[in-house]
Amino acid sequence: MSFSPSITGLSGPLAAFTDRLGTSQDDAFARLGAVFVTRLPAAPLAAPYLVGFSNETAELLGLEPSLAHDPGFAEFFSGNTTRDWPSAEMPYASVYSGHQFGVWAGQLGDGRALGFGEVEHDGKRFELQLKGAGRTPYSRMGDGRAVLRSSIREFLCSEAMHHLGIPTTRALCVTGSDQSVRREEIETAAVVTRVAPSFIRFGHFEHFYSNDRVDALQALADHVIARFYPHCRDAEDPYLALLNEAVMSTADTVAQWQGVGFCHGVMNTDNMSILGLTIDYGPYGFMDGFDANYICNHSDSQGRYAYRMQPQIAYWNLFCLAQGLLPLLGAQHEESVRSEKAIEDAQRVLEGFKGRFAPALERLMRAKLGLELERDGDDALVNRLFDATNANRADFTLTFRNLAKLSKATPPEAAADAPVRDLFLDRAAFDAWAVEYRARLAEETRDDAARAIAMNQVNPKFVLRNHLAESAIRKAKEKDFSEVERLASVLRRPFDEQPENASYAGLPPDWASSLEVSCSS
Ligand code: AMP
Ligand code: MG
């Protein structure tokens, strides 16, 4: 079940943790075998130090947070002890394929991430992964490393998304090193320890489908069902039920992205989690001023992954997943009609995306507007707000947050309107919408105070704006990691007022408009 702490070269409480880390459970992903993973040690990271640490993720794993100060901690979570691990417990890189920017890219795989074992705590099991731990058989032209900048961005956003209530992989820590890495310029290497129930992607299924390995495809699907969706086994077609789970969870997650103005940036099928988690934080972005066509990834010249495209792209990606699952589908049908029926079944399940996504987003938007009742015109009301916000590039986060201050009294109270109204250059456009909104609020029974409390629980005050991450990164490059910690702590309470941290909720400074994030990481 686990391996001896003495082998890890550690002693004391950290060794006790590593004693719980293992991959030999029969149902661990890594145990699916050599068709799925290649075991290898991490490449050593020179003189690593701790850059960021999440107490909460540590607690999730039953890891005593004070261990972050253990001298061996950074060494361990950079993968530096793995050379001495027994071969059966070695870290592992998994193989997958995928569609990148709408084009079949063939084999990809964990080019710089290594599975680090699984830990069980409080009845939940988590897989750990070191991202940036060196070359693997799937690195292609890459160096297997991740830079400090992108590692901090991944760490901060995983934690921010979780606290926004959005399904995501988590991050335990970032370790850094002075070891240099070449990107557009010379940067330094870092490793993020990611934590999730599973890192399996749509691309894993596409891989075995494209290689005609139906046996492996089935083993993979059975693994996901057994570990995460055991009820699917009772379905007439368990694999169709699995597809349905992916459709539903993906629809829910993307609806939540839309609700906070989050853009993933690289929704390739290899970056889509089978569990519907937000995964692989690269050139993501939270919108400042609302722009439905917002493209956060500087490398995405066509805008394939623009904000407004995300739901459609998720749906497209689910088609790829369905295609990958096809050989497993329809076993309950007569052999002569099986493939035809399987396609029909898959299409029906895929259609379920629309039936899940649209109501999920509608529910969310109603809550964001503080509406308890359902009325026919609500959709149009939301759309007109989006139109006005879009035309004015009004700040996405603050528009919703400040809307809670508006009073439903007529005639309008100027002071209550001002915080949201002043975000619109065209005040008249806001006023026109506010007339409709107030009329709609008049149908609600809740008073302003109760509505504001409810709205503040769904409209965050604090999101990981690009410039906030950038400020933390700039300091971290100077070896001052205090801003990573401070920002992470602000983002852990995104719905709280935190008046002492008001500066983190303000409009971006002018310099933020020149920030560009690309696939380079
Ligand atoms: P991404 O766009 O980050 O999802 O990466 C796409 C593929 O490229 C994945 O297979 C990654 O593992 C791989 N990759 C990205 N960056 C590197 C790197 N620096 N070294 C090795 N592989 C990489
Ligand atoms: Mg990826």
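Quick caveat: nothing in here was measured; it's all calculated off a predicted structure. All residue numbers refer to positions counted from 1 along the written sequence of the respective chain. Labels are handed out in written order, letters beginning with A for the chains and numbers beginning with 1 for the ligands. Totals for whole chains, interfaces and linings use all residues, but because this is a predicted model, local features are given only for residues with pLDDT of at least 70 and pairs of side-chain atoms are given and counted only at 80 or more. For side-chain calculations, the full set of non-hydrogen atoms in the structure is used, while hydrogens and water are omitted.

**Student:** An account of the coordination of the magnesium ion (ligand 2) is requested, with residue identities and associated values reported.
**Tutor:** The donor set covers N, O and S atoms within 2.8 Å of the metal, switching to 3.2 Å for Na, K and Ca, and it leaves out water, so a site may look short of donors. Around the magnesium ion (ligand 2), the protein contributes the donor atoms Asn271 (OD1) and Asp280 (OD), which lie 1.9 to 2.1 Å from the metal centre. Like aspartate 280, asparagine 271 is buried. Buried residues are those whose accessible area, probed at 1.4 Å on protein chains only, stays under 20% of the maximum for their type, while exposed residues exceed 50% and partly exposed ones sit between those limits.

**Student:** Describe the nonpolar core, naming the residues involved and giving the relevant values.
**Tutor:** Counting residues in each nonpolar core, the largest one holds 125 residues, and the members touching the most others are Phe77, Leu172, Phe205 and Leu464. Here, the term nonpolar core denotes a set of buried Ala, Val, Leu, Ile, Met, Phe, Trp, Tyr and Cys residues that are joined through side-chain atoms within 4.5 Å. Grouped together as the second largest cluster of nonpolar side chains are 32 residues, Phe400, Ala404, Val420 and Ala452 included.

**Student:** How would you sum up the site of ligand 1? Please name residues and give values.
**Tutor:** Near ligand 1 there are 17 residues, and of these Gly109, Gly111, Arg140, Gly144 and Asn271 occur at the shortest range. Polar contact is the term for a pair of N or O atoms within 3.5 Å; when the atoms are in protein, one must be able to donate a hydrogen and the other to accept it, and sequence-neighboring residues count only if both atoms are side-chain atoms. Between ligand 1 and glycine 111 there is a distance of 2.8 Å, counted from an oxygen atom to a backbone nitrogen or oxygen. The separation between an oxygen atom of ligand 1 and a polar side-chain atom of asparagine 271 is 3.0 Å. Residue burial considers only the protein chains on display, and all accessible areas are found by Shrake-Rupley using a 1.4 Å probe. Contact with the protein chains hides 80% of the accessible area of ligand 1, taken as 480 Å² for the molecule alone. Gly counts as polar in this scheme, as do all residues outside two lists: the nonpolar Ala, Val, Leu, Ile, Met, Phe, Trp, Tyr, Cys and Pro, and the charged Asp, Glu, Lys and Arg. Each residue belonging to the shell around ligand 1 can be placed in one class, and the counts come to 2 nonpolar, 7 polar and 8 charged. Here a residue is near a molecule or strand as soon as one of its heavy atoms is found within 4 Å of it.

**Student:** Please set out helix 4 (residues 148–163) residue by residue, giving values where relevant.
**Tutor:** Counting along an α-helix, one turn takes 3.6 residues, and residues three or four places apart therefore face a common direction. Helix length check: helix 4, at 16 residues, gives a terminal C-alpha distance of 23 Å against a target of 22 Å (1.5 Å per residue), a fit within 8%. Counting buried positions along helix 4 gives 15 out of 16 residues, so the element sits mostly inside the fold. Note on conventions: DSSP H or I runs of at least 4 residues are helices, E runs of at least 2 residues are strands, and numbering of each starts at the N terminus. Phi turns positive, to about 85 degrees, at glycine 165, one or two residues after helix 4. Each residue after the first adds 1.5 Å to the expected span of a helix.

**Student:** Help me get a handle on helix 1 (residues 12–20), residues and values and all.
**Tutor:** When we look at burial in helix 1, the residues that qualify are Leu14, Ala15, Phe17 and Thr18. In an axial view of helix 1, the angular spread of the buried residues amounts to 155 degrees, which keeps them on one side of the axis. We call two residues contacting when some pair of their heavy atoms lies within 4.5 Å. Elements that come into contact with the buried residues of helix 1 comprise helix 3 (73–76), strand 6 (113–121) and strand 7 (124–131). Picture the helix axis, draw a direction to every C-beta atom, and the arc is the one those directions span.

**Student:** Please provide a residue-by-residue account of the side chain of aspartate 280, values included.
**Tutor:** By the element assignment, aspartate 280 lies in the loop between strand 11 (262–263) and strand 12 (285–286). Assessed through its relative accessible area of 13%, aspartate 280 is described here as buried. There is a polar contact of 2.8 Å between the side chain of aspartate 280 and the side chain of arginine 194.

**Student:** Could you give me a rundown of the packing of helix 15 (residues 466–477) against helix 16 (residues 482–491), with the residues and numbers involved?
**Tutor:** Contact geometry of helix 15 with helix 16 gives a least axis separation of 7 Å together with a crossing angle of 155 degrees. The orientation of helix 15 with respect to helix 16, classified from their angle, is roughly antiparallel. Contacts from Leu468, Ala469, Ser471, Ala472, Lys475 and Ala476 in helix 15 reach Glu483, Val484 and Leu487 in helix 16. Axes here mean lines fitted to C-alpha atoms, for a helix over just the part in contact, with angles spanning 0 to 180 degrees between N-to-C directions. For classification, angles of less than 35 degrees are called roughly parallel, those exceeding 145 degrees roughly antiparallel, those between 65 and 115 degrees roughly perpendicular, and all remaining angles oblique.

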